[in-house]
Structure formats: C-alpha cells, structure tokens
Amino acid sequence: MRTGFGYDSHRFAEGRDFILGGIRIPYEKGLAGHSDADALIHALIDAILGALCAGDIGTHFPDTDDRYKNISSLVLLDHTVRMAKEKGFAVESMDSTIIAQAPKLAPHIGPMREVLSEALNTALVSIKAKTNEGMGFIGRGEGIAAFAVCVLKPV
C-alpha cells in the first residue's frame, strides 16, 4: 500500500464556470486556471502522483502546454489513474477537505462523490467542506483550497 497527499488552491475569476469535484456548481464566479481549475481534482492528482513518487501535476500537465488549456480535470485524473495502473496500483480510498467561504458546498458533496467514485473505481471517497471562518484569502472570498489524501493498493 502507498499513501499520497495533495494540495491545490485557485482564486475566483469572473466569466468562468465553477467546476469542483468534476461537477459544475452554480456560482457567480469560477476558478482561474489554465485547465478548468478544479482544485479538488488537482489536489487528488497530486496525492496519487505523490503515492507513486512521480512528481506533481505541473510536471505531467504543465500550464505552458496548450493541450491542457481549458481541459476537464477529469481527463487529467483519468490519465493519472491509468498511470497508477501501469505501475501496478489502483486507488483504494480517497479523503479530502475543501476550504471555501462561499458557496455552500454541502448540497454538492453527494454528486462530487459519485463522479469521483466512478473516476477512481472505488466507493471509498470522502469529501468534506469547511469555511475559513473569514480569515485569509479564502475567508475574504478570493478563492478556495483543497487537500486530498489517497491510498493506493497493489493490483
């Protein structure tokens, strides 16, 4: 078994859809980034890559490569899961925490879990949402952050 940890954060931006955990969440702003800026999936990708000792998301999907411009992070996650399989591993479980002052994420946790369970081929997907109690860039509503831990099992 191997364990990996990932983190990502993105600022909010006008004129973009808010994509998180592979779903579109109704909100007045989206997240700024080269891809769809799905901070939860980016943290998860880094967790998987960490468990594989295979670098980070920027190494595999650099923001200087136009192939990844506005790409769905689910596509990047699929590539990462296939990479793990090629190295003899599958995702056993994933635990994550999203930190966002707004919007309220509780109503969206179920659909995110469904999408990520399918993408990871495991029912052991945990997603929690917290606020930052008004502190820092998250508390001021400037952006969000996400943390993820994954456990890989040999296959």
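Predicted model, so just to flag it, every value in this text is computed and none were measured.

Caption draft 1: Representation of the packing of aromatic side chains within the structure. Applying the stated criterion across every chain, the model contains six aromatic pairs. Seen from their ring centres, Phe12 and Phe18 are 5.7 Å apart, and the 65° between their planes marks the pair as edge-to-face. Per residue, the accessibility class of Phe12 equals that of Phe18, and both read buried. Between Phe18 and Tyr27, the aromatic rings sit 5.9 Å apart at their centres with planes inclined by 55°, giving tilted as the arrangement. Ring pairing ties together the aromatic residues Phe5, Tyr7 and Phe147, which thus form one cluster.

Caption draft 2: Fine view of the side chain of Asp8. Of note, Asp8 is situated in strand E1 (residues 2-13). Here Asp8 occupies a buried position and makes no salt bridge, while the nearest side chain of opposite charge, Arg16, is found at 10 Å. One polar contact links Asp8 to His42, side chain to side chain, over a distance of 3.1 Å. Setting aside chain neighbours within four positions, we find Asp8 in contact with Ala39, His42, Ala43, Ile144, Ala145 and Ala146.

Reading the values: the criteria
- Residues numbered from 1 in each chain as written.
- Predicted model: local features only at pLDDT ≥ 70, side-chain atom pairs only at ≥ 80, totals over all residues.
- Heavy atoms only, no water.
- Phe/Tyr/Trp six-rings, centres within 6.5 Å; stacked < 30°, edge-to-face > 60°.
- Buried < 20%, exposed > 50% of the residue type's maximum accessible area, 1.4 Å probe, protein only.
- Helix = DSSP H or I, 4+ residues; strand = E, 2+ residues; numbered from the N terminus.
- Lys, Arg positive; Asp, Glu negative; His and termini not counted.
- Salt bridge = Lys/Arg side-chain N within 4 Å of Asp/Glu carboxyl O.
- Polar contact = N/O pair within 3.5 Å; in protein donor to acceptor, adjacent residues only side chain to side chain.
- Contact = heavy atoms within 4.5 Å.

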